[in-house]
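Each chain, written out:
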Amino acid sequence: MSDRIVLKGMQFHGYHGVMPEERELGQLFIVDVEMCCDLREAGETDDLTKTVDYSQVFELVKGIVTTGEPYLLIEALAERIAGSVLAEFPVPEVLVRVKKPHAPLKGIFSDVTVEIRRPGNAGWRGSRVKSFF
């Protein structure tokens, strides 16, 4: 499926990391979420109930990163985001990127990024979107 909804560059302050300072002081995390979905009906009808409300996806991700369980690894954070998006929204696939621009490395770099792609349950009908199919 080539249609996608992309939330790119969401920025949140979270308390994830291996180092004690990361878990105590927190730091910036930048998250991208790409959701595969058929957008034809939403585009033809201009009806929000025929698509994924990306404001709800934003709030879900924000809650996971800022107030959710702290993770040692950004791999675990990305996995939690992907699983939650797939559980809450009727998308057949999600790609999640978690960027950590201030990772505790001695050197010059723009960020450390983890990217995961996970398939969903194609037959799922979620409660957050009334009628996707």
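Residues numbered from 1 in each chain as written. Predicted model: local features only at pLDDT ≥ 70, side-chain atom pairs only at ≥ 80, totals over all residues. Heavy atoms only, no water.

### So, unusual backbone geometry
Part 1: Backbone geometry places Asp 46, a non-glycine residue, at a positive phi of 55 degrees.
Part 2: Within the element layout of this structure, Asp 46 appears in the loop between helix H2 (40-45) and helix H3 (54-66).
Part 3: The class of Asp 46 is exposed, set by a relative accessible area of 74%. (Helix = DSSP H or I, 4+ residues; strand = E, 2+ residues; numbered from the N terminus. Buried < 20%, exposed > 50% of the residue type's maximum accessible area, 1.4 Å probe, protein only.)

### Some thoughts on a nonpolar patch on the surface
Part 1: A grouping of Val 18, Met 19, Leu 72 and Leu 73 is seen on the molecular surface, where their side chains present a nonpolar patch of about 360 Å² in accessible area.
Part 2: Within the secondary structure, Leu 73 is located in the loop between H3 and helix H4 (74-88).
Part 3: What makes Leu 73 partly exposed here is its relative accessible area of 43%. (Patch = residues over 30% accessible without salt bridge, like charges linked within 9 Å, V, L, I, M, F, W, Y side chains within 5 Å. Areas by Shrake-Rupley, 256 points an atom, 1.4 Å probe, with all protein chains shown as cover. Salt bridge = Lys/Arg side-chain N within 4 Å of Asp/Glu carboxyl O.)

### Brief notes about the packing of H3 against H4
Part 1: Where H3 contacts H4, the two axes come as close as 10 Å, and the packing angle between them is 145 degrees. When you trace H3 past H4, the crossing you get is right-handed. The residues of H4 that touch H3, namely those facing Val 57, Leu 60, Val 61, Ile 64 and Val 65, are Leu 77, Arg 80, Ile 81, Ser 84, Val 85 and Glu 88.
Part 2: Counted by class, the contact of H3 with H4 contains eight nonpolar, one polar and two charged residues. (Axes fitted to C-alpha atoms, helices over the stretch in contact; angles between N-to-C directions. Left-handed = near helix turned anticlockwise from the far one by under 90°. Contact = heavy atoms within 4.5 Å. Nonpolar A, V, L, I, M, F, W, Y, C, P; charged D, E, K, R; others polar.)

### Structural notes on the confidence of the model for the protein
Part 1: Residues of the protein with pLDDT of at least 70 account for 90%, and the chain-wide mean is 91.
Part 2: Overall, residues 123-133 carries pLDDT values under 50, and its contacts beyond four positions in sequence, including any with other chains, amount to 30 contacts. (pLDDT = per-residue confidence, 0-100.)

### Structural notes on the side chain of Lys 100
Part 1: Looking at where Lys 100 falls in the secondary structure, it is placed in strand S3 (residues 93-100).
Part 2: Judged by relative accessible area, which is 8%, Lys 100 ranks as buried.
Part 3: Separated by 2.6 Å, the side chains of Lys 100 and Glu 22 make a polar contact.
Part 4: The residues touching Lys 100, leaving out its near neighbours within four places in the chain, are His 16, Gly 17, Glu 22, Gln 27, Leu 28, Phe 29, Ile 74, Phe 109, Asp 111 and Val 112. (Polar contact = N/O pair within 3.5 Å; in protein donor to acceptor, adjacent residues only side chain to side chain.)

### Focus: the side chain of Glu 34
Part 1: Positionally, Glu 34 belongs in strand S2 (residues 27-36).
Part 2: On the basis of relative accessible area, Glu 34 is assigned to the buried category, the value being 15%.
Part 3: A polar atom in the side chain of Glu 34 sits 2.9 Å from the side chain of Arg 97.
Part 4: Setting aside residues no more than four positions away along its own chain, Glu 34 makes contact with Arg 4, Ile 5, Val 6, Glu 93, Val 94, Leu 95 and Arg 97.

### Some thoughts on the packing of aromatic side chains
Part 1: Under the defined criterion, the tally for this structure stands at one aromatic pair.
Part 2: Ring geometry for Phe 12 against Phe 58: centres 5.4 Å apart, planes inclined by 50 degrees, an arrangement best described as tilted. Of this pair, Phe 12 sits in strand S1 (residues 4-14) while Phe 58 sits in helix H3, placing them 46 residues apart in sequence. (Phe/Tyr/Trp six-rings, centres within 6.5 Å; stacked < 30°, edge-to-face > 60°.)

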